[in-house]
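Structure assessment
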Amino acid sequence: MAAGVPAVLAMTAPVSDAYAGSFCAEVYEGLGRRDGDTTERPDVPDFLYAVSEARRRLEHLARAEPGGLPDLSEWSTPALFTGAGRLPVRSRRTPRPGTSVPPPRPAAVDVRSVVRRGVLRELHRLWESPDRPGLLVHGAAGVGKTTLVREFVSRLGSRNDMHVWIDGSDDDALEEMLRMPAPTGPGGTSVPVVVDALPTRPVPGRVGAQPTSARAARLLADWTRRAEAPRLIVIGRHAFSLPEEARRALAPVHLGGLTAGETRLLAGRLPGLRRLPVAAIARILDEIGGNPAALGWLDALLRGEPPILPDLRQRLAERLAAEGLTAAEARARGLGAALRTTRALLAEATGLEELLDGLTARQRDVLTRLSVHRRPVGGEALGPVTADVRDALAALDARGLLRRAPAQAGPGSAYLVERWLAVQLSQADPVTCVDAHAAAGRHWARLPRGPEETEAASADLAEARHHYLRAGRTEEALLTTAALCDRLMTAGAFSEVERIVRDTLARGLPGDHESALLHHAWGCAAQETGRTDEARSRQERALELFRAAGAPGDAASVELQLGMLDEAVGNYTAARERYTSALTVFTELGDHAEISRARHCLGGLAVLLRDTKAARAHYDAALASDRERGDDEGIAATIHQLGIVDQLSGDPRAARKLYRRALTLHRKLGDRAAISSGYHQLAMLAYEQGELRRASSLCRRSLGIDDESAHLPGVARSEHLLGMIAHDREERDQARLHYERALALLTAAGDRASAGAVLHQLGLLAQDQGDSDRAHDLYCRTLAAAGESGDRDGVARAHHQLAMLATQEGDYEEAERRLRLALEMFEDLGDPDGSARALGQLGRVRRLTGHPEEAVEPTLRSFALGLETDDPVATTALFELALLDEALGGARLRELIAGLVEPSHVDPVMEAVRAAREQADG
């Protein structure tokens, strides 16, 4: 702010990647819209409006879609800081005049309760329902029932500004309130009556609970029959049923612990928890969950001081006395002991021992087996849903031992056991929990998910992996890990793949073959994020392990990946050798899926070298195999590649049609990386046809997908293309900005070859602007980057551009030296386009130095290569031959050409030269 930044958007607590990406996308979209904006100046975006609307849209999305966004953080998490009202977004290197920075204030203890907006919305919905006479807010001790209701009635106060609050344990006060006329506020509005802490208890031998006081139960039943009864909110531990004469029931709302985002927010407000690292907060979430009272006790234990909230002090003091500890001694024991004491406090406050003692053996078993699940599940997660399972669930729900949640799939209810209780149960019956974890792993691994449900399937497999690891089922855990990595790679979650692989390897579980699979996945993830050195290291380790394990097919798959790395740095000969070797192995094994993949690699290399005939042959063979096997993913990928072949062959209409077909298939498969590639190729096609606006729009769609999945090469690729588009629009400053963004990403990723390509583009930009010194420096940096990374194509292109600069400056000797180097590399790489450009420029240099006869041979070769590849360099070479015709005379040029080409080609070449000369003269 002090430096002049007009607005800063921040998160006040950690949030999931999905939420952060979605939220920022909504904010940027809002800044680009003008509808509903309250800013008077059209060039000044309304930050507050954009942020507020983004919050609302995401919460609406979370409620509208099944499952919503994972770990959705509530409104209190995003925060917008503004310096001086609404100002244009711009970079300021110096502070605004007159801006002063106030001295920092001493940190104050912030014990504001967390606003549970999702639950408040549900309370408002039920409160407005005419079919219900009131609400019953129930839940375990310490979950914040009273705090929530106080917040709710204070919000109702904006309309009534009145409410009545009575003690639920005082039957006389309850009777007095319920028998008097319904209180009303201004204008006859209904005034809520809150019955706080109504004592309730489970009914022994029955499903359900009831008020402890029979008199209170009768009074509430009488109240439901009154026509003008006051609107009631009852707070208690259990959902209870009233006597049969009660006509209407209160709408029950089971309040559980805070969400993960809300828990982190409250932890950030408590001074003892605020200092903890992220890993410690994750442990707290896993071992006690989001019970606000528990967080208050834990905070006090870690500080060695009384709890900040007064109503927690007495119980903590009694617990420490029972354990014979002082506050200082409790603090010295550390986080693990503090968590154990906190769980004991929750068990006492909940009356857990009494609740568990009243369970049957079957009910206790069902509770323990449900407790291992971290996501809500129904009875089907335990196996066949028999009558005794349904009865057990109903009994546990009535006792408040389960938290009801919306079902994730199918009919019926879903339940969750609070984390602190789950830990208590696992310690009491570890044998049953181990068996339950194994069953839970099978449940999550077998959930039916379509190919397009990548995110949901990844979440399910992550749960299955967690449970298999907890059950000690190593083989199942490794198989699930491999399947999870495949799904995550499809979704573009490369950093998550690496995290899971590191975790699995650190556990020391896998043997050679399994370790090789993990290193292979790690290498693929590193390659996708541009870390080529790390990718090569991992793939070489995987190759070594596969060969040691006697797995030739898997070793050949790694050869393909290593070939891709060779191809990326311009070592095309090595890449072709690896691809061909892998194809041979797959053919011997009869592995048609891998044969198709190897042909894809060979086809891609042929595309790179502009050999469209060979590329089409490889892709046609792959497509036939994919269709025979019904491989939808392979079909989509092959159609996309055939689009590239058509684009190179000069058939943009056919290419666009194929790209769109592939894009449709990839959307159905949920392959976000392939979707991004589809948009990028359509953008490239539009760019080549001069449709810059369309190219920019498609490129930005590709950029958005890659940005969300942290696919750095994809982001850099899009920034590179956006720079080229801006360059063509003569928006040179914008072009430089895009190129520099791409360069920063690639440099950070260690991708020297791609960084060199961007440096080359920056050199072209500088050369176009007449800054020869800067262009020379950038081309030299390109040369260094390409040389270090082994990118021989990049080295050749840098030499070619340095030769162009030398030609402009009249240093023809240096120009010819660099052109010879470039030509040698292009020919060695088998790059006809590069060779044609180098030959054409070499002929021009020789003509300019007064050696026209020596210029004929390279110029003619450039013309021939350009015709073969349908490259515009053929036209340039033809006009250069026309200049040589003028310098040498037609007879001498004809004589020289006759010594270089077949006799039948001499006349057609000379006719083309004469036509070009006439056109130039005209």
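Rules and cut-offs
- Residues numbered from 1 in each chain as written.
- Predicted model: local features only at pLDDT ≥ 70, side-chain atom pairs only at ≥ 80, totals over all residues.
- Heavy atoms only, no water.
- Helix = DSSP H or I, 4+ residues; strand = E, 2+ residues; numbered from the N terminus.
- Buried < 20%, exposed > 50% of the residue type's maximum accessible area, 1.4 Å probe, protein only.
- Contact = heavy atoms within 4.5 Å.
- Areas by Shrake-Rupley, 256 points an atom, 1.4 Å probe, with all protein chains shown as cover.
- Axes fitted to C-alpha atoms, helices over the stretch in contact; angles between N-to-C directions.
- Left-handed = near helix turned anticlockwise from the far one by under 90°.
- pLDDT = per-residue confidence, 0-100.
- Pairing = 2+ DSSP bridges.
- Patch = residues over 30% accessible without salt bridge, like charges linked within 9 Å, V, L, I, M, F, W, Y side chains within 5 Å.
- Salt bridge = Lys/Arg side-chain N within 4 Å of Asp/Glu carboxyl O.
- Lys, Arg positive; Asp, Glu negative; His and termini not counted.
- Charge placed at Lys NZ, Arg CZ, Asp CG, Glu CD.
- Expected span 1.5 Å × (residues − 1).
- Core = buried A, V, L, I, M, F, W, Y, C linked by side-chain atoms within 4.5 Å.
- Phe/Tyr/Trp six-rings, centres within 6.5 Å; stacked < 30°, edge-to-face > 60°.
- Lys NZ or Arg CZ within 6 Å of the ring centre and 35° of its normal.
- 1 Å grid on protein atoms, 1.4 Å probe; cavity = no way out; pocket = protein on both sides within 12 Å on 5 of 7 lines; lining within 4 Å.
- Points joined across faces, edges and corners; volume = space filled by probe spheres on them.
- Nonpolar A, V, L, I, M, F, W, Y, C, P; charged D, E, K, R; others polar.
- Polar contact = N/O pair within 3.5 Å; in protein donor to acceptor, adjacent residues only side chain to side chain.

**Remarks on the overall build of the protein**
- Check the secondary structure of the protein and you find 42 helices and 11 strands.
- When each of the 922 residues of the protein is scored for burial, the buried share is 49%.
- Counting contacts in the protein only where the partners sit at least 6 residues apart, residues at least 24 apart contribute 64% of the total.
- Carbon together with sulfur atoms contributes 51% to the accessible area of the protein, which is approximately 43000 Å² in total.

**Some thoughts on the packing of helix 15 (residues 361-371) against helix 17 (residues 419-428)**
- The geometry of helix 15 relative to helix 17 is characterised by a closest axis approach of 9 Å and an angle of 115 degrees between their N-to-C directions. The hand of the helix 15/helix 17 crossing is left-handed. Residue-level contacts link Arg364, Leu367, Thr368 and Ser371 of helix 15 to Arg419, Ala422, Leu425 and Ala428 of helix 17.

**Focus on the confidence of the model for the protein**
- Of the residues in the protein, 88% reach a pLDDT of 70 or more, and the chain-wide mean stands at 84.
- Segment residues 34-43: pLDDT under 50, and 16 contacts once partners within four positions in sequence are set aside and those in other chains are kept.
- Taken together, the stretch residues 84-110 has pLDDT below 50 and engages in 35 contacts with residues farther than four places along the chain or on a different chain.

**Digging into the sheet that holds strand 3 (residues 134-138)**
- Reading across from one edge, 4-5-8-3-9 is the order of the five strands in this open sheet, with parallel pairing throughout. Each end of this open sheet is capped by a strand with a single partner; those strands are strand 4 (164-167) and strand 9 (251-254). For this sheet, the mean angle separating the axes of adjacent strands, direction not counted, is 20 degrees.
- For strand 5 (residues 193-198) and strand 8 (residues 232-236), the ladder comprises four bridges, and the chain directions are parallel. Bridge assignment links Val193 to a residue of strand 8, and that residue is Leu232.
- Relative to strand 8, helix 4 (residues 145-156) is tilted by about 160 degrees, and along the sheet it contacts strand 3, strand 4, strand 5 and strand 8.

**Here we look at a negative patch on the surface**
- A grouping of Asp771, Asp773, Glu809, Asp811 and Glu813 is seen on the molecular surface, where their side chains present a negatively charged patch.
- Here Asp773 is to be found in helix 35 (residues 772-789).
- A relative accessible area of 64% means that Asp773 is categorised as exposed.

**Some details on the pattern of salt bridges**
- According to the stated counting rule, one finds 54 salt bridges in the structure shown.
- A salt bridge links Glu323 to Arg333; the nearest nitrogen and oxygen atoms lie 3.3 Å apart. Of the two residues, Glu323 is situated in helix 11 (residues 313-323) and Arg333 in the loop between helix 12 (327-332) and helix 13 (335-350); the sequence distance between them amounts to 10 residues.
- By relative accessible area, which is 39% here, Arg333 ends up partly exposed.
- Here Asp388 makes a salt bridge to Arg362, at a shortest N to O gap of 2.9 Å. Taken together, the residues Asp388 in helix 16 (residues 387-398) and Arg362 in helix 15 connect sequence positions 26 residues apart.
- Among the residues examined, Arg362 registers a relative accessible area of 34% and is labelled partly exposed.

**Some remarks on helix 40 (residues 873-888)**
- Between the first and last C-alpha of helix 40 there are 22 Å, a value that for 16 residues agrees with the 22 Å anticipated at 1.5 Å per step.
- Here helix 40 has its buried residues at Val873, Ala874, Ala877, Leu878, Glu880, Leu881, Ala882, Leu884, Asp885 and Leu888.
- Elements that come into contact with the buried residues of helix 40 comprise helix 38 (832-848), helix 39 (852-869), helix 41 (890-898) and helix 42 (903-921).
- Following helix 40 by one or two positions, Gly889 has its phi on the positive side, about 95 degrees.

**Structural notes on the pairing of strand 3**
- With five of five residues buried, strand 3 is to be regarded as a mostly interior element.
- Neither face of strand 3 is left uncovered, since the one carrying Gly134, Leu136 and His138 and the one carrying Leu135 and Val137 both have all their residues buried.
- Here five bridges tie strand 3 to strand 8, and the two strands are oriented parallel to one another. If you follow His138 over to strand 8, its bridge partner there is Gly236.
- Bridge count between strand 3 and strand 9: four bridges; the pairing is parallel. Across the sheet, Val137 pairs through a bridge with Val253, a residue of strand 9.

**Quick word on the nonpolar core**
- In this structure, Ile284, Leu298, Leu367 and Leu401 are the most contacted members of the largest nonpolar core, which totals 57 residues.
- What Leu298 contacts, discounting residues up to four positions off in sequence, is Leu273, Ile284, Ile288, Leu335, Ala338, Leu339 and Thr342.
- By size, the runner-up hydrophobic cluster in this structure holds 52 residues, among which are Val645, Leu703, Leu778 and Leu802.

**Re the packing of aromatic side chains**
- Under the criterion given, the structure shown has one aromatic pair.
- Centroid distance Trp127 to Phe152: 6.0 Å. Interplanar angle 80 degrees. Geometry classified as edge-to-face. Placement of the pair is Trp127 in helix 3 (residues 117-127) and Phe152 in helix 4, with a sequence separation of 25 residues. In this pair, the class of Trp127 matches that of Phe152, namely buried.
- The residue whose ring lies beneath Arg150 is Trp165, and the NZ or CZ to ring-centre distance is 4.2 Å.
- A cation sits over an aromatic face here: Arg538 above Trp522, 3.8 Å from the ring centre.

**Comments concerning unusual backbone geometry**
- Phi angles above zero are rare outside glycine, and Ala197 is one such case at about 55 degrees.
- Along the chain, the position of Ala197 falls in strand 5.
- Classification of Ala197 by relative accessible area gives partly exposed; the value is 45%.
- Positive phi, close to 65 degrees, is recorded for Glu730, a residue that is not glycine.
- Among the secondary structure elements, Glu730 is positioned in the loop between helix 32 (712-728) and helix 33 (732-749).
- Judged by relative accessible area, which is 57%, Glu730 ranks as exposed.

**Digging into the environment of Met11**
- For Met11, the position within the fold is in strand 1 (residues 7-11).
- Exposure remark for Met11: the relative accessible area of 29% places this residue in the partly exposed category.
- Remark: the alpha-carbon pair of Met11 and Ala79, spanning 68 residues in sequence, is separated by 6.0 Å.

**Description of helix 39**
- For helix 39, with 18 residues, the first-to-last C-alpha span of 26 Å sits near the 26 Å given by 1.5 Å per residue.
- Within the span of helix 39, buried status applies to Pro852, Ala855, Val856, Pro858, Thr859, Leu860, Ser862, Phe863, Leu865 and Gly866.
- Contacts made by the buried residues of helix 39 are with helix 38, helix 40, helix 41 and helix 42.
- Looking at the residues trailing helix 39, positive phi occurs at Asp870, about 55 degrees.

**Overview of empty space enclosed by the protein**
- One pass over the structure, following the stated rule, counts two cavities of 30 Å³ or more.
- Reported here for the largest cavity is a volume of approximately 110 Å³.
- Taken together, 17 residues form the lining of the largest cavity, with Ala140, Gly400, Leu401, Glu418 and Trp420 sitting closest to its centre.
- As for the second largest cavity, its lining consists of Ala140, Val143, Gly257, Gly290, Asn291, Glu418 and Trp420.
- By residue class, the composition of the lining of the second largest cavity is three nonpolar, three polar and one charged.

**A few points about the side chain of His138**
- Structurally, His138 is set in strand 3.
- Exposure remark for His138: the relative accessible area of 6% places this residue in the buried category.
- Contacts of His138, omitting those with residues within four sequence positions, involve Lys145, Gly236, Arg237, His238, Ala239, Pro252, Val253, His254 and Leu255.

**What to know about the side chain of Asp831**
- Structurally, Asp831 is set in the loop between helix 37 (812-829) and helix 38.
- For Asp831, which is buried and forms no salt bridge, the nearest opposite charge comes from Arg837, at a distance of 5.0 Å.
- Looking at Asp831, its side chain comes within polar contact range of the main-chain nitrogen of Asp833, at 3.2 Å.
- The residues contacting Asp831, other than those within four sequence positions of it, are Asp793 and Phe826.

**Comments concerning the environment of Glu476**
- Relative to the elements of secondary structure, Glu476 occurs in helix 20 (residues 474-491).
- In sequence terms Glu476 and Gly441 are 35 residues apart; their C-alpha atoms lie 8.6 Å from each other.

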